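Each chain, written out:
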Amino acid sequence: MSSAQLEQHHLDLQQLQQVFEPPAAIQTRAHVPSIEAYRDMYRLSVSDPNKFWRQIASEFYWHSKPDGAEEAPILDYNFDLSKGGIYVRWFKGWRTNICYNALDRHVLAGRGDRVAFYWEGNDPEDRTSITYAELLQQVCRFANVLKSNGVKKGDRVAIYMPMVLELVVAMLACARIGAVHSIVFGGFSAGSLADRIINAKCHILITCDGNWRGTKLLSLKSIADKAMSICIEEGNPVVTCLVVSHVKRPRFGSDEADGDSHSSKPGIRPAKDCPVEMLAGRDVWWHEAMAKEDISDDCQPEWLDAEDPLFMLYTSGSTGKPKGVLHTVGGYMVYSATTFKFSFDYHLEDIYWCTADIGWITGHSYVVYGPMANCATSVMFEGLPTWPDAGRCWDVVDKYKVTTFYTAPTAIRTLMKSSDAFVERSSRASLRIIASVGEPINPEAWLWYHRVVGRSQCSVVDTFWQTETGGHVITPLPGATPTKPGSACFPFFGVQPVLLNPETGDVIEGPGEGYLVFAGPWPGIMRTVFGDHPRYEQTYFSKFNGYYTTGDGAQRDKDGYLWVTGRIDDMINVSGHLLSTAQIESALVEHPKVAEAAVVGRHHDVKGESAYAFVTLKDGATFDDSLVRQLLVIVRERIGAFAAPDTIQEAPALPKTRSGKIMRRILREIAAKSENYGDVSTLADPGVIETLVALRTRQV
Ligand code: PRX
């Protein structure tokens, strides 16, 4: 280390202990301008949730409310299994439409000309934008296309698309007519897409020809074709597949480049074709369906009960089978919008950019619904933070004068590994709030984000939440909360975190570490697992009766700050993607040579965690590079490339207790190259450890 680096290192170590006060410039205009103001609002939100959320709900458009709604409680729930089934209802009987609140409400208020999205393509020369009024017109037309294809209220619509504006149109069109969208992230394999289509009983799929990720062209339609073949075999055929032509044709929107998404500057985007096979009678081009003369620009929204389903989104389950997390219209609308407003201290003059893919919950709540309910102007990005180089994000920040930037620790750590010169070539003068989500952010990454990206002048907002929570549940507020690097700080309004002793289940008051659970519901909490309510009760409410269990551990320090430490179940978090180890294991054992597999997480400097697989082969089989390659292909095909283990090692035997339970704790230690195996007295054969350690050298 040079002396300058050493000095910086000491400074950073000191800062790790430091508390960062909200910057004065942010505090002055903040919705919640002090920690005392936060505490007052928080107290009301938990002591009188009816009063607190009724006031907030009055900012939205409700088409009708039942008689006596002004006096009746807006919340009804049961978290106690001994008293019957678990349920949560907010604003039951109140009728609204989230699409109307995200579009019509703003257009009718004279804000139709505001830009809803600046779309930035993978290619830095490729851009377009769309206003709220334009989006409303597209959404109404597409809602009519859906209706003309027989889609009705309550039907599930599968969506498998990259980050293109048509994805937003498709979601809002579903929401407008009361259809339930089920978006499958574009990185999932044909098998995973098919599983989700079948589980949700979808008969309509919306997809895209392909998309660019850096220099790679991904052919989404051909993956969708494979998925649709599986769906036929499984007796759940897709009847209509609408296909967006993104790679080949100019997009809609007000192009600011040369209007043709193909005529990019030479050398920036390789000229490649994206062949698409269209099956007559099933596959329909989006632009052809939208251009039909009998498709109107008017579409009355369906007035839905606040507790009608809005969307489902699959998340990994610790038993291996993904769960369709179901969110409903009213509570989710109020919660995603309110968390967006307060966590990012949103004001109309802000330009907001969340880098998450819409295929994950962060994209649902904080690319689409939360920002749009606030009439925000956002950047939507198709590409990668590292392409054409590691300065892309900061170039985009300058290009659109982004004030609020929201990304994941894995992206921060990737960019941190490149030279700071990539950051410093931009001014980033517009930035005020820089936020993070998806996994614990290590204090070093937090400090780099604050000092280098934020020029020590921005609020860093580390938001903890889950697919299931619908929106932020633990987060600092930019103008109110003094932050500590690595801590998500305090609960959002209406959220009551509790730490429980893992052994006794007793509540830990004051400083300590335990299971993170929540007492009582906030409006955005999931309502059920699609088609499997018992699984909802079992997964989230049976471990500690009376509480919603997150599956994470957390510490509370002497000042009451919460530090989420990570999963305590058999899930791993790879680059912010939650993966079930059981799901990877079941893919590995599909190989005819594999008898058994055990997957654990191992610390990774950039991804947070990576998957490390131990495989036991059947008698006579040999472990070699070709087998490893085949195993990786299976995982990629069954789940998706992001789930592929970084390491696969041979395990002639696995460390098991006498009752046959795999001791994953020991596998984690072996994977981490730590010699700290703890108590091994319950192992049936302690010699296994030595064998596995010796075989570590034969990894790929
Ligand atoms: O383990 C926690 C981690 O991500 C999990 C939720 O993953 P998912 O449902 O895919 O949603 C990700 C985006 C909301 C959590 O159980 N996690 C998420 N955010 C944080 C986090 N862990 C620590 N700090 C965070 N800010």
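From a predicted model like this one, the values you see are computed outputs, not experimental measurements.

Caption draft 1: Focus on the overall build of the protein chain. Looking only at helices and strands, the protein chain features 21 helices and 30 strands. Based on the C-alpha atoms only, the size of the protein chain along its principal axes is roughly 75 × 65 × 60 Å. Here the protein chain holds 700 residues, and 59% of them are scored as buried. Taking the intrachain contacts of the protein chain between residues at least 6 apart in sequence as the baseline, contacts between residues at least 24 apart amount to 74%. Taken together, the 70 basic and 83 acidic charged side chains of the protein chain have centroids lying 1 Å from each other.

Caption draft 2: A look at empty space enclosed by the protein. Enumeration over the complete set of coordinates arrives at two cavities of 30 Å³ or more. A volume near 40 Å³ is recorded for the largest cavity. Taken together, Ile-183, Val-184, Phe-185, Phe-188, Arg-196, Leu-313, Tyr-314, Gly-359 and Trp-360 form the lining of the largest cavity. Tallied by class, the residues present in the lining of the largest cavity amount to seven nonpolar, one polar and one charged. Lining the second largest cavity are Val-574, Leu-579, Lys-607, Ser-610, Ala-611, Phe-642, Ala-643, Ala-644 and Asp-646.

Caption draft 3: Layout of the site of the ligand. Lining the immediate environment of the ligand, one finds 18 residues, of which Asp-462, Thr-463, Thr-467, Asp-552 and Arg-567 sit closest. Within the side chain of Gln-466, an N or O atom sits 2.9 Å from an oxygen atom of the ligand. Asn-573 is positioned with one of its side-chain polar atoms (N or O) 3.4 Å from an oxygen atom of the ligand. For the ligand, the protein covers 96% of the area, taking 540 Å² as the surface of the free molecule.

Caption draft 4: The side chain of Asn-101, seen in detail. For Asn-101, the position within the fold is in helix α5 (residues 98-111). Within the structure, the side chain of Asn-101 is placed 3.0 Å from the side chain of Thr-96, a separation counted as a polar contact. Ignoring any residue separated from it by four or fewer positions in sequence, one finds Asn-101 in contact with Phe-60, Tyr-61, Thr-96, His-106, Met-333, Met-372 and Ala-373.

Caption draft 5: Representation of α5. The first and last C-alpha atoms of α5 sit only 17 Å apart over 14 residues, clearly below the 20 Å expected at 1.5 Å per residue. Turning to α5, the residues buried within the fold contact β3 (95-96), α6 (132-148), α7 (165-177), β14 (309-315), α11 (329-343) and α12 (361-373).

Caption draft 6: Spatial organisation of the sheet that holds strand β20 (residues 459-463). As summarised here, the arrangement of the seven strands in space is β5-β4-β17-β16-β18-β19-β20, forming an open sheet in which the pairing is mixed. The sheet is open, and its two edges are formed by β5 (127-131) and β20, each paired on a single side. Across the sheet, the mean angle from the axis of one strand to that of its neighbour is 20°, orientation sign disregarded. Taken together, the five bridges between strand β19 (residues 433-437) and β20 define a ladder with parallel strand orientation.

Caption draft 7: Looking closely at the UniProt feature "domain: Acetyl-coenzyme A synthetase N-terminal" (unreviewed entry) in the protein chain. When the UniProt feature table is mapped onto this chain numbering, "domain: Acetyl-coenzyme A synthetase N-terminal" (unreviewed entry) sits at residues 38-102. Split by type, residues 38-102 is 37% helix and 15% strand. Its first and last C-alpha atoms lie 27 Å apart.

Caption draft 8: Inspection of the nonpolar core at higher detail. Of all hydrophobic cores here, the largest spans 179 residues; its most connected members are Trp-53 and Phe-142. Take this core: its biggest share by element is 11 residues, from α7. With residues up to four places along the chain from it excluded, the contact list for Trp-53 reads Ile-74, Trp-90, Phe-91, Val-334, Tyr-335, Thr-338, Phe-492, Phe-493, Gly-494 and Pro-523. Among the nonpolar cores identified, the runner-up in size contains 28 residues, and Phe-20, Val-379, Ala-445 and Val-452 belong to it.

Caption draft 9: Structural view of the packing of α6 against α7. Here α6 crosses α7 at 65°, and the two axes come no closer than 8 Å. Seen along the crossing, α6 lies across α7 with a hand that is right-handed. Facing α6, whose interface residues are Leu-135, Leu-136, Gln-138, Val-139, Cys-140, Phe-142, Ala-143, Leu-146 and Lys-147, α7 presents Val-168, Val-169, Ala-170, Leu-172, Ala-173, Cys-174, Arg-176 and Ile-177. Considered class by class, the residues forming the contact of α6 with α7 number 14 nonpolar, one polar and two charged.

Caption draft 10: Focus on the packing of aromatic side chains. The full count for this structure, using the stated rule, is 53 aromatic pairs. Ring geometry for Phe-188 and Trp-360: centres 5.8 Å apart, planes at 55°, overall tilted. In this pair, Phe-188 sits in the loop between β7 (180-183) and α8 (190-199) while Trp-360 sits in the loop between β16 (351-354) and α12, placing the two residues 172 residues apart along the sequence. Judged by relative accessible area, which is 9%, Phe-188 ranks as buried. One Lys or Arg, Arg-89, reaches over the ring of Tyr-87 and ends 4.2 Å from the middle of that ring. The positively charged end of Arg-196 is found above the aromatic ring belonging to Phe-188, 4.3 Å away from the centroid.

Caption draft 11: Fine view of the pattern of salt bridges. Taken as a whole, this structure holds 34 salt bridges when the rule is applied. A salt bridge links Asp-350 to Arg-29; the shortest N-O distance between them is 3.1 Å. Residue Asp-350 is found in the loop between α11 and β16, and its partner Arg-29 is found in helix α2 (residues 24-29); the two are separated by 321 residues along the sequence. With its nearest N and O atoms 2.9 Å apart, the salt bridge here joins Asp-40 to Arg-43. Placement of both Asp-40 and Arg-43 in helix α3 (residues 35-47) is noted, with a separation of three residues, approximately one turn of the helix.

Caption draft 12: A look at the environment of Gly-121. Tracing the chain through its elements places Gly-121 in the loop between β4 (115-120) and β5. With 92 residues separating them along the chain, Gly-121 and Arg-213 place their C-alpha atoms 9.6 Å apart. Setting aside residues up to four positions removed in sequence, Gly-121 forms contacts with Asp-126, Phe-381, Glu-382 and Arg-392.

Caption draft 13: Representation of the sheet that holds strand β23 (residues 528-529) within the structure. Taken in spatial order, the eight strands of this open sheet run β12-β11-β8-β6-β7-β14-β15-β23, and their pairing is mixed. Single-partner strands in this sheet number two, and they are β12 (283-285) and β23. Of the pairings in the sheet, the one linking strand β11 (residues 240-244) to β12 comprises three bridges and is parallel in character. Across the sheet, Val-243 pairs through a bridge with Trp-285, a residue of β12. Sitting on the sheet, helix α9 (residues 220-233) is in contact with β8 (204-208), β11 and β12, with an inclination near 155° to β8. Against the sheet, α12 contacts β7, β14 and β15 (323-328), and its axis sits at roughly 140° relative to β14.

Caption draft 14: Inspection of the pairing of strand β18 (residues 404-407) at higher detail. Every second residue of β18 is oriented toward a common face, with Thr-404 and Tyr-406 on one face and Phe-405 and Thr-407 on the other, all of them buried. As paired strands, β16 and β18 are joined by three bridges and run parallel to one another. Residue pairing for β18: Tyr-352 is matched across the bridge by Thr-404.

Caption draft 15: Spatial organisation of helix α21 (residues 687-695). Buried within α21 we find Val-688, Ile-689, Leu-692 and Leu-695. The buried side chains of α21 occupy one side of the element, clustering within an arc of 135° when seen end-on. Exposed residues lying more than 90 degrees from the buried face of α21 are Glu-690 and Ala-694.

About the criteria used
- Position numbers for residues start from 1 in each chain and track the written sequence from start to end.
- Reporting of local features is limited, given that this is a predicted model, to residues whose pLDDT is at least 70; pairs of side-chain atoms are given and counted only at 80 or more, and all residues count toward the totals for whole chains, interfaces and linings.
- Only hydrogens and water are removed before side-chain values are computed, so all heavy atoms of the structure are retained for them.
- In DSSP terms, a helix is any run of H or I states spanning at least four residues, a strand is any run of E spanning at least two, and both are numbered starting from the N terminus.
- Burial status follows relative accessibility: with a 1.4 Å probe on protein chains alone, a residue under 20% of its type maximum counts as buried, one over 50% as exposed, and anything between as partly exposed.
- Whether two residues are in contact is decided by their heavy atoms: any pair within 4.5 Å suffices.
- Charged residues are defined here as Lys and Arg on the positive side and Asp and Glu on the negative side; His and the ends of the chain fall outside this count.
- Every charge is mapped onto a representative atom, which is NZ of Lys, CZ of Arg, CG of Asp or CD of Glu.
- Every definition here rests on a 1 Å grid over the protein atoms only: cavities are sets of points where a 1.4 Å probe fits but cannot get out, pockets are open sets enclosed by protein on both sides within 12 Å along at least five of seven lines, and lining residues have some atom within 4 Å of a point.
- Grid points are joined across faces, edges and corners, and a volume is the space filled by probe spheres set on the points.
- Each residue is assigned to one class: nonpolar for Ala, Val, Leu, Ile, Met, Phe, Trp, Tyr, Cys and Pro, charged for Asp, Glu, Lys and Arg, and polar for all the others, Gly among them.
- Proximity is defined per residue: if any heavy atom of the residue lies within 4 Å of a molecule or strand, that residue is considered near it.
- Between N or O atoms, a polar contact is any pair within 3.5 Å; within protein, one atom must be a potential hydrogen donor and the other a potential acceptor, and residues adjacent in sequence are included only when both atoms are from side chains.
- Accessibility throughout is a Shrake-Rupley quantity obtained with a 1.4 Å probe, and a residue counts as covered only by protein chains that appear here.
- By this rule the span expected of a helix is its residue count minus one, scaled by 1.5 Å.
- Only strands that DSSP links by at least two bridges are regarded as paired with each other.
- Working convention: axes come from line fits to C-alpha atoms, limited for helices to the stretch in contact. Angles between N-to-C directions cover 0 to 180 degrees.
- UniProt positions are given in the numbering used here, feature names are shortened, and annotations may be inferred rather than shown by experiment.
- The nonpolar core is taken to be a set of buried Ala, Val, Leu, Ile, Met, Phe, Trp, Tyr and Cys residues, with the residues joined through side-chain atoms within 4.5 Å.
- By convention the crossing between two helices is left-handed if the near helix lies anticlockwise of the far one by an angle smaller than a right angle, and right-handed if it lies clockwise.
- Only centres within 6.5 Å qualify two rings of Phe, Tyr or Trp (six-membered ring in Trp) as a pair; their planes then separate them into stacked at under 30 degrees, edge-to-face at over 60, and tilted for everything else.
- A positively charged side chain is recorded as over a ring if its NZ (Lys) or CZ (Arg) lies within 6 Å of the ring centre. The angle to the ring normal must also be within 35 degrees.
- A pair is scored as a salt bridge if a Lys or Arg side-chain nitrogen falls within 4 Å of a carboxyl oxygen belonging to Asp or Glu.
- Of all possible arcs, the one meant is that of the directions from the helix axis to the C-beta atoms.

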